[in-house]
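Tertiary structure, described
Below are the chains, spelled out letter by letter.
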Amino acid sequence: MMNKNKEIKEAGEREERKSLKRKLSEAFSEWAQSSTSHGLPNIFRSGNNYFLKLMWTVCLLASAAYCAFSVYNSVLNYYEYNVITQLSDYTESPIEFPVVTYCNSNPFTTEYGLNYSKSFLASQNITNLLNSTILKSYFNYSDIQEMVNLYISKTIVMRAAKQLNDTEKRKMGYSLDFSLIMCAINNQPCDANSFVWYYDTAYGNCYQFNTDKAPVNTYRTLKTGKINGLMLMLMSGTLPDTYVLGIESGIQLFIHNKSTAPTSVDSVALRPGSLTYVALKKVFTQKQPRPYNDCENDLTVNKYENIFYKKTFEEAANVYKYEQRNCIDLCTQYYLIRVCGCADANYPSIDNAPFCNTLQSIVCLYFNLVTFYSLSEYSKCYDYCPLECATQSFDTKISSSSFPHDSMAGLMTSNVRVQERFRSLNISLSQANMEKFIAGTYVYFDDNKYRLITESPAQSIEDLMSNVGGILGLYIGVSFLSFVELFELFFQMIFISFRHHHQSQSSNRKSVVAPN
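All figures in this text were calculated on a predicted structure; none of them were measured in a lab. (Residues numbered from 1 in each chain as written. Predicted model: local features only at pLDDT ≥ 70, side-chain atom pairs only at ≥ 80, totals over all residues. Heavy atoms only, no water.)

Notes on the nonpolar core
We count it as follows: What makes a nonpolar core is a set of buried Ala, Val, Leu, Ile, Met, Phe, Trp, Tyr and Cys residues whose side-chain atoms join them at distances within 4.5 Å. Relative accessible area decides the class of each residue, using a 1.4 Å probe on protein chains only: under 20% of the type maximum gives buried, over 50% gives exposed, and in between gives partly exposed. The contact criterion used throughout is that any non-hydrogen atoms of two residues lie within 4.5 Å.
Grouped together as the largest cluster of nonpolar side chains are 78 residues, with contacts concentrated most on F97, Y102, F195, F209, L230, L253 and V443. Here F195 is in contact with Y102, L176, L180, C183, Y207, Q208, F209, A214, P215 and L232, once residues within four sequence places are set aside. Residues A184, L275, M412 and Y444 belong to the second largest nonpolar core, which totals 22 residues.

So this is what it looks like as structure tokens:
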């Protein structure tokens, strides 16, 4: 009797499961036939026609597979964070003129500077410069040994001169009054009041035109072309003996805006005996920040806590803006101080560390700097020093011609300022000597337009959703509402299962209390 009741109970449970399965199947079939997606309703509407069922199933699976592949590629493209770059030219009138900094390629152009360099090198036991056995013991480059000796010797002396007071530094090279023969801006004369002195570790005495520190510093130009730009005629040669610390002659010209340090841009080399034309175009660049580029907007002093980042703002001292390259220099300096015990005068010092000014310390800097660039520690500097997204620069087109030509040379020989300079150098005033000592340049805007380079995301999140929606609709006919139908099916299945379970429990309770 007990076995029979058990069999009856098990049969009842099987029937209940079949009933639940049938209800769920009917619900799914009804949902599939009324679905707004393509393919799936046709499979269920095919009835007993197995050929049609197979055909629609294969087509649906193939479409779904290619749809998944296309959606994957679309999402992948979005996370590549590509950008669209747009170049636009806008008219600016008047045009604000940039800062123009010029430096003599040889920092030791005076007798005082020559004597200082010889005396300091002698203190380091470097007397026979071109064939120095001491330098060769450190830097053995047989084919270019003399050039290396000149470069290292100049480096040593410049780092020592960095620690002199400003009065002594000024004596090393040509003064502003001596180096500036002629100046004109907007076809009007300009003078020393438009320039300020600036000392550079690589070039010594430099002079900046149109900087905020100069008495006259608000130059703008209404017209374009070389006549309306800046014209400079400069003394660029050196005393006959000063070649011993230089491998080049001429002028280094830096063109930059007022918020950028001169050494943050590449220089234009002005050759003696030539007139160099530098045509400018102002360029503003605004990149997209992370994750589109490895740069950031709105960089402020408290945004990062590391010492290199904060020190960069301190060095700028509200004169120059933050630039990654300056921060990298500080990071490099920190490493050099740690391994050599002194600082490289090419970079700002940290924690009042003394600058290296002996041959042994300069050698330490040289070799460890080469090593540092190959270390992972150098890569970490870029983690400490974020790249700025917004930059301003000047595109340049450079050309040159010989200067002075015969007739111009004749006029210059009667120029009092030219006569004074050659007389002070005890050099005859001839066209040949002018070509060795004088360099000229025109710096001007080629047109009155500036270029704005902006970036925009190649694909926004809205674009991604549209692409995915278009792919789903094209291949399997699915829309946003189709996903709502899935939720409807899900809740309907739960409801059917819950109701079936409730009815089953009620039926079991009735069977327990029923009379025999």
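Let's talk about the side chain of Q252
What counts, and what does not: Under the scheme used here, helices are H or I runs from DSSP no shorter than 4 residues and strands are E runs no shorter than 2 residues, and both carry numbers assigned from the N terminus. A 3.5 Å cut-off defines polar contacts: any pair of N or O atoms within that distance qualifies, except that in protein one atom must be a possible hydrogen donor and the other a possible acceptor, and neighbouring residues in sequence count only when both atoms are side-chain atoms.
Structurally, Q252 can be placed in strand β10 (residues 251-256). A distance of 3.0 Å separates the side chain of Q252 from the side chain of S105, its partner in a polar contact. Ignoring any residue separated from it by four or fewer positions in sequence, one finds Q252 in contact with T101, Y102, C103, S105, Y203, S267, V268 and A269.

Digging into a nonpolar patch on the surface
Heads up, the rule is: Patch construction takes residues with relative accessible area above 30% that form no salt bridge. Like charges are linked within 9 Å, and nonpolar side chains (Val, Leu, Ile, Met, Phe, Trp, Tyr) are linked within 5 Å. Here, Shrake-Rupley sampling with a 1.4 Å probe gives the accessible areas, and only protein chains in the shown set may cover a residue. When a carboxyl oxygen of Asp or Glu lies within 4 Å of a side-chain nitrogen of Lys or Arg, that pair is called a salt bridge.
Residues Y138, Y141, I144, M147, I247 and F367 make up a contiguous nonpolar surface patch of about 550 Å² in total accessible area. With respect to the helices and strands, F367 occurs in helix α11 (residues 359-372). What makes F367 partly exposed here is its relative accessible area of 34%.

What about the packing of aromatic side chains?
For clarity, the threshold we go by: Stacked, tilted and edge-to-face are the three classes applied to pairs of Phe, Tyr and Trp rings, where Trp contributes its six-membered ring and a pair requires centres within 6.5 Å; stacked means planes under 30 degrees apart, edge-to-face means over 60, and tilted covers the rest. Distance and angle both matter: a charge sits over a ring if NZ of Lys or CZ of Arg is within 6 Å of the ring centre and within 35 degrees of the ring normal.
Taken as a whole and assessed by the stated rule, the structure comprises 32 aromatic pairs. Relative to Y219, the ring of F209 has its centre 4.9 Å away and its plane inclined at 15°; by these criteria the two rings are stacked. A residue pair is termed long-range when its members are at least 10 positions apart, and F209 in strand β7 (residues 204-209) and Y219 in the loop between β7 and β8 (220-221) qualify at ten residues. Residue F209 is classed as buried on the basis of its relative accessible area, which comes to 0%. Site record: aromatic cluster; members linked through ring pairs are F97, Y102, F195, Y207, F209, Y219, F394 and F445. Sitting over the ring of Y199, K169 keeps its end group 4.8 Å from the ring centre.

Considerations on the environment of Y141
As for its position among the elements, Y141 is in the loop between α5 (133-138) and α6 (145-161). Setting aside chain neighbours within four positions, we find Y141 in contact with V148 and Y366.

Details of the pairing of β10
The line we're drawing: The rule for pairing is simple: two strands pair if DSSP sees at least two bridges between them.
Within β10, six of the six residues are buried, which leaves it mostly tucked inside the rest of the structure. As judged from the six bridges shared by strand β3 (residues 99-104) and β10, these two strands associate in the antiparallel manner. Its bridge partner being in β10, V100 is matched across the sheet by I255. Strand direction decides the pairing type here: β10 and strand β11 (residues 268-270), joined by three bridges, are antiparallel. Bridge pairing in β11 links L253 to V268.

Description of the packing of helix α4 (residues 111-123) against α6
Under the convention used in this document: Simply put, an axis is a line fit to the C-alpha atoms, just over the touching stretch for a helix, and the angle between two N-to-C directions goes from 0 to 180 degrees. For classification purposes, an angle smaller than 35 degrees is called roughly parallel, one larger than 145 roughly antiparallel, one from 65 to 115 roughly perpendicular, and anything else oblique. For this classification, Asp, Glu, Lys and Arg are treated as charged, while Ala, Val, Leu, Ile, Met, Phe, Trp, Tyr, Cys and Pro are nonpolar and the rest, including Gly, are polar.
α6 packs onto α4 with a crossing angle of 105° between their chain directions and a minimal axis gap of 10 Å. Regarding the angle of α4 to α6, the classification is roughly perpendicular. In contact with Y116, S117, F120 and L121 of α4, α6 contributes S153, I156, V157, A160 and A161. When grouped by side-chain class, the residues that make up the contact of α4 with α6 number seven nonpolar, two polar and no charged.

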